[in-house]
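# Overview (structure and organization)
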Amino acid sequence: MLKTPESKFNYLINYKRSQFELIRQVDIKKYNSIISLIEKAIKLKKNIFVCGNGGSASTANHLVCDVFKRVSQNTRLKPKVISLVNNMELITAISNDIKYDKIFSFQYESLRNTGDLIIIFSVSGNSKNLVELARNASKRNKIISFTGKNGGKVKKLSTINININSTNYGIVEDIHLSLMHSISQTIRI
């Protein structure tokens, strides 16, 4: 059955309505705690590692751009934001020679310092490579995660988690991106 232009527009209205309702459910205390952790890491010159898979990898890389450029521009703050998804050559070498599950944790182990911060974006919260990183990093550093669905294993391993309780990956990823933009702009103020 073909959708009429009106029914397609109704889908957009319902999609946006779902986003709005889910954003309203975000725990403001967790949101503010995330901002505080990121600000503290920046001021203490600690590494902030970010990662995700697929669209969540894109959100992680977008965070690098926004926090690195926006926060450091015309300020004395110099954030050290490192994407664990940005080096395809390294990711494929780790995947091929070691194990795909280790693509993030192997990098983290080589670069980590005490007091660093890890930020994970994941709709399912159960991707093996993200769970491996969270398991490894939770022993040494604080983890912020943004998840969807029920949050999965990553949620349980995180210091602070904002979970968007939806199975619609598009809605979850859109909200994660909106939260990332809001957080990076708040830090800049």
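Residues numbered from 1 in each chain as written. Predicted model: local features only at pLDDT ≥ 70, side-chain atom pairs only at ≥ 80, totals over all residues. Heavy atoms only, no water.

Note that soluble globular proteins tend to have their nonpolar side chains buried in a common cluster. Residues I38, I119 and F146 are the most contacted members of the largest nonpolar core, which totals 34 residues. Mapped onto this core, the elements with two or more residues apiece are α1 (5-24), α2 (28-43), β1 (47-52), α3 (55-72), β3 (117-122), β4 (142-148), β5 (160-164) and α8 (169-188). When neighbours within four sequence positions are excluded, I119 is seen to be in contact with I38, I48, F49, V50, C51, L63, I144 and F146. (Core = buried A, V, L, I, M, F, W, Y, C linked by side-chain atoms within 4.5 Å. Buried < 20%, exposed > 50% of the residue type's maximum accessible area, 1.4 Å probe, protein only. Helix = DSSP H or I, 4+ residues; strand = E, 2+ residues; numbered from the N terminus. Contact = heavy atoms within 4.5 Å.)

On to the environment of V81, then. Within the element layout of this structure, V81 appears in strand β2 (residues 80-83). The exposure class assigned to V81 is buried, which follows from its relative accessible area of 9%. Distance in space between the C-alpha atoms of V81 and I42 is 8.8 Å, their sequence separation being 39 residues.

A cluster of basic side chains, namely K30, K128, R135, K139, K153, K155 and K156, defines a positive patch on the protein surface. Put simply, the parts of the chain that give the positive patch at least two residues each are α6 (128-137) and α7 (152-157). With three residues, α7 is the largest single contributor of residues to the positive patch. Position of K128 relative to the elements: it lies in helix α6. The exposed category is assigned to K128, whose relative accessible area is 60%. (Patch = residues over 30% accessible without salt bridge, like charges linked within 9 Å, V, L, I, M, F, W, Y side chains within 5 Å. Areas by Shrake-Rupley, 256 points an atom, 1.4 Å probe, with all protein chains shown as cover. Salt bridge = Lys/Arg side-chain N within 4 Å of Asp/Glu carboxyl O. Lys, Arg positive; Asp, Glu negative; His and termini not counted. Charge placed at Lys NZ, Arg CZ, Asp CG, Glu CD.)

This part covers the environment of Y100. Relative to the helices and strands, Y100 resides in the loop between α4 (88-97) and α5 (105-111). Through-space distance from the C-alpha of Y100 to that of N129 is 6.8 Å; in sequence the pair is 29 residues apart. The residues contacting Y100, other than those within four sequence positions of it, are N53, S95 and N129. Engagement of the side chain of Y100 in a polar contact is seen with the side chain of N129, the distance being 3.5 Å. (Polar contact = N/O pair within 3.5 Å; in protein donor to acceptor, adjacent residues only side chain to side chain.)

Turning our attention to the side chain of D116. With respect to the secondary-structure elements, D116 resides in the loop between α5 and β3. For the buried D116, no salt bridge is present, and the opposite-charge side chain at shortest range is K46, 5.7 Å distant. Looking at D116, its side chain comes within polar contact range of the main-chain nitrogen of N47, at 2.8 Å. Discounting residues that sit within four places of it in the chain, D116 has contacts with K46, N47, F49, L111, N141 and K142.

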